[in-house]
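# Per-entry structural report
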Amino acid sequence: MMDFQSTLLAKARWRPWEFVVWLAAFALPLLWPSRALMVNEIAIVALFAMSLDLILGYTGIVSLGHAAFFGFGAYVAALFAKLVMPDPTVGLVVAIVLSGLLGAVASVTILRGTDLTRLMVTLGTALLLLELANKLDWLTGGADGLQGVTMGPVLGFFDFDLYGRVAAWYSLAVMLLLFLFMRRLVHSPFGATLKAVRDNRLRAMAIGIPVMSRLSVIYTVAAAIAGAAGALLAQTTGFASLDVLAFDRSADLVVMLVIGGVGWLYGGIVGAIIFKVLQDTLSTVTPQYWMFWIGLILVLLMLIGRDRLFKPWTWFGGAGKAVKP
Amino acid sequence: MLTILFDGIAYGMLLFVLAVGLAVTLGLMNFINLAHGAFAMAGGYLTVFAMQKLGIPFLLCLPLAFIVVGAVGALLERTLYRPMYAKPHLDQVLFSIGLAFMAVAAVDFFVGSSQQNIQLPEWLRGRTEIGDGALMLGMGHYRLFIIAICALLTVVLQLILSKTSFGARLRAAVDDPRVAAGLGINVNVVFLLTFAVGSGLAGLGGALGAEILGLDPTFPLKYMIYFLIVVSVGGTSSITGPLLAALLLGIADVAGKYFIPKMGAFTVYLLMILILMWRPQGLFTRKGGR
């Protein structure tokens, strides 16, 4: 009788391996202190990638300018610490709220038009912010970056140390909190309507889903979380520079998400880990030509088909079934 | 005043030649090709080497760039691009940006990251000035040359599109590929030719523009956004749309940088976002079609 409900609920249930993953993540800075800085970096990027997954994987909005919100969050957090108060938690909340507001305003631009139009306006938004940050040098430091940011201790107790262990735990904790929120969100009825909009917007409209408001809301949420990731970066490094807004960051992010798999929150985490480890290894071999390798990976990944990457038995044997456009 | 307008037009015409191939590809196969700038870069580097190493005169280099880059484009279309047409837009974007990344790194590896210069022949240097005061019109000879070539190309393209049977087939395929295929038009061949000509034009534009736009390995990424603006603002259903959009962009960019240098490219991006919010399908799209 209630069978259909239990199968739906089973999808959203916590698996045992998920607890293991999170425990391992928190244990990592303790077990491997020399890599704490890298753990911190991966946690931030993974959070950023998950925020993009909300709009790209779950709602189907192609964005090449998600770094706009990441960078905005970073600058807000850095400026807040410099000019108002150095407490990281308050700064984080301020950055989240302001990035969310920016996302709400920017969401107007993505409601209409084709994929190309959305690509262009998201890209344009990021470039606009980059240009602003560059020109408002009395506020942001321009091309030199925003220097002289000193952070207070987290929650008033834990000072940021040189090895980045506190930073790593701080970022992981924020990431876990926001992950719980996103996990709840995508498994809720609201999340189900997002997927309906992604799969067929016309039908979603026909069964009474308010498509426009769903798009605006999820874009705002994704912007707020991206802002949180940016704020974490600025707070743990004590620095914000123009590259937080650069096009490369948006492009790298999409690449990560696609490597890890879209429409799956852990895809952001997996992608971030693979990407960072690859970048670390390949950069030590040929520091200059990292771009070539990432380009090659992208081309091969797309030719094979990103949904077939982890299923090698489908690589050969005909063209396979193309994904529905 | 008039000089700025003149430079803007020259810049816009150049952008049009660079981007028109992209517009047709996008209109015909609905394929977002972010690697288009790589073809332009190839044309630019080809010209530099043909002139420096082989001593081929500049005027001969231009058709050479067109033919070689067009052939490369045709080859890549057959081997790499064709499997991507049926994929979603996200895949196409990532695939083509991967190609662009590879091109950037490869050029950096083989040639080095320094800026390349083209030695213009004597008769293309210098400038002519007409009138004086605020209405003074200073025309660089090279820019005059660019305008002449690009105007000629535009007229030829327009004639091919509107008068020949190939043009009719192309327009039919852009409007509705399925029905066109049903009428016996070989859409694949039409597309192969169009792609080759489009990349060839990009190569030619790169050769012409190396002097004005600057030529270094980051070229495809630096100008990608400009090509995309031309295409998205101009619409993809005709070539007059991208032409007008390119002229608008060229003039706005030159004038913006001259009058309000503090704003930089800010004006261009803002203008683009506003236009796309107002007309998401582009400024100059025709009703009907799809």
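Definitions and limits used
Residues numbered from 1 in each chain as written. Chains lettered and ligands numbered in written order. Predicted model: local features only at pLDDT ≥ 70, side-chain atom pairs only at ≥ 80, totals over all residues. Helix = DSSP H or I, 4+ residues; strand = E, 2+ residues; numbered from the N terminus. Rg over C-alpha atoms; globule rule 2.2 N^0.38 Å. Buried ≥ 20, exposed ≤ 12 C-beta atoms within 10 Å, placed from the backbone. Contact = placed C-beta atoms within 7 Å. Axes fitted to C-alpha atoms, helices over the stretch in contact; angles between N-to-C directions. Parallel < 35°, antiparallel > 145°, perpendicular 65-115°, else oblique. Left-handed = near helix turned anticlockwise from the far one by under 90°. Nonpolar A, V, L, I, M, F, W, Y, C, P; charged D, E, K, R; others polar. Core = buried A, V, L, I, M, F, W, Y, C linked by C-beta atoms within 7 Å. pLDDT = per-residue confidence, 0-100. Expected span 1.5 Å × (residues − 1).

This brings us to the overall build of chain A. Helix and strand content of chain A: 14 helices and zero strands. Put simply, chain A runs from its N terminus to its C terminus through helices and strands in the order α-α-α-α-α-α-α-α-α-α-α-α-α-α. Its C-alpha radius of gyration of 20 Å places chain A within 12% of the 20 Å reference for a compact globule of 325 residues. Along the three orthogonal principal directions, the C-alpha set of chain A runs to about 55 × 45 × 40 Å. By the burial criterion, 47% of the 325 residues in chain A qualify as buried. Long-range pairs, those at least 24 residues apart, make up 75% of the contacts in chain A between residues at least 6 apart in sequence.

So, on to the overall build of chain B. For chain B, the count of helices and strands is eleven helices and two strands. Overall, chain B shows an N-to-C arrangement of helices and strands of α-α-α-α-β-β-α-α-α-α-α-α-α. Its C-alpha atoms give chain B a radius of gyration of 19 Å, near enough to 19 Å, the size a compact globule of 290 residues would have. For chain B, the C-alpha atoms occupy an extent of roughly 60 × 45 × 35 Å along the three principal directions. Counting only residues that meet the buried cut, chain B has 47% of its 290 residues in that class.

To continue, consider the environment of P57 of chain B. Residue and element names in this part refer to chain B. Looking at the element boundaries, P57 is found in the loop between α2 (36–52) and α3 (58–81). When the 10 C-beta atoms within 10 Å are taken as the criterion, P57 is described as exposed. Taking the C-alpha atoms as reference points, P57 and V72, 15 residues apart in sequence, are found 22 Å from one another.

Moving on: the packing of α2 of chain B against α3 of chain B. All names here are of chain B. Viewed as axis vectors pointing N to C, α2 and α3 meet at an angle of 140°, and their least axial separation amounts to 9 Å. Relative to α3, the element α2 is oriented oblique. Viewed along their axes, α2 and α3 form a crossing whose handedness is right-handed. In contact with F39, A42, G43, L46, T47, A50 and M51 of α2, α3 contributes F58, C61, L64, A65, V68, V69, V72 and G73. Counted by class, the contact of α2 with α3 contains twelve nonpolar, three polar and no charged residues.

Contacts between the two partners involve 36 residues from chain A, matched on the other side by 39 residues from chain B. Contributing elements (two or more residues each) for the side of chain A that touches chain B: α6 (115–135), α12 (247–260) and α14 (290–304) of chain A. Looking at the side of chain A that touches chain B, the element that brings in the most residues is α6 of chain A, giving 13 residues. Among the residues making up the side of chain A that touches chain B, the classes are represented as 24 nonpolar, seven polar and five charged.

Most often, soluble globular proteins have nonpolar side chains that are buried together. Core analysis: the largest hydrophobic core is formed by 198 residues, its most contacted members being A228 of chain A together with A19 and V230 of chain B. Looking at which element gives the most residues to this core, the answer is helix α1 (residues 2–29) of chain B, with 17 residues. Residues in contact with V230 of chain B, not counting those within four places in the same chain, are L15, F16, A19, P242, A245, A246 and L249 of chain B.

Moving on to the packing of α2 of chain B against helix α9 (residues 219–234) of chain B. Residue and element names in this part refer to chain B. Contact geometry of α2 with α9 gives a least axis separation of 8 Å together with a crossing angle of 125°. Considering the angle they form, α2 stands oblique to α9. Crossing of α2 against α9: the hand is right-handed. Contact residues: α2 offers H36, G37, A38, A40, M41 and G44, while α9 offers F219, P220, Y223, M224 and F227. For the contact of α2 with α9, a count of residues per class yields eight nonpolar, three polar and no charged.

Moving on, we come to the environment of M224 of chain B. Residue and element names in this part refer to chain B. Within the secondary structure, M224 is located in helix α9. C-beta crowding within 10 Å serves as the criterion here: with 22 such atoms nearby, M224 is assigned to the buried category. Ignoring any residue separated from it by four or fewer positions in sequence, one finds M224 in contact with L34 and G37.

Below, the discussion takes up the confidence of the model for chain B. Confidence along chain B averages 84 in pLDDT terms, with 96% of residues attaining 70 or more. In the predicted assembly, ipTM is 0.80 and pTM is 0.85.

Right, let's get into helix α4 (residues 67–83) of chain A. Think of an α-helix as 3.6 residues a turn; residues three or four steps apart then line up on the same face. Between the first and last C-alpha of α4 of chain A there are 24 Å, a value that for 17 residues agrees with the 24 Å anticipated at 1.5 Å per step. In terms of burial, α4 of chain A is a largely internal element, 15 of the 17 residues being buried.

This paragraph deals with the environment of Q52 of chain B. As for its placement among the helices and strands, Q52 of chain B is situated in helix α2. Considered as a pair, Q52 of chain B and Q119 of chain B are 67 residues apart in the sequence and their alpha carbons are 8.5 Å apart.

With 92% of its residues at a pLDDT of at least 70, chain A reaches an overall mean of 84. Of the regions scoring below 50 in pLDDT, residues 317–325 of chain A engages in eleven contacts with residues more than four places distant in sequence or in other chains.

All names here are of chain B. Over its 17 residues, α2 extends 25 Å from the first C-alpha to the last, a length consistent with the 24 Å expected when each residue adds 1.5 Å. Here α2 lies mainly inside the structure; twelve of its 17 residues are buried. Taken as a whole, α2 has its buried residues at H36, G37, A38, F39, A40, M41, A42, G43, G44, Y45, L46 and T47. Along its buried surface, α2 packs onto α1, α3, α4 (89–111), α8 (187–213) and α9.

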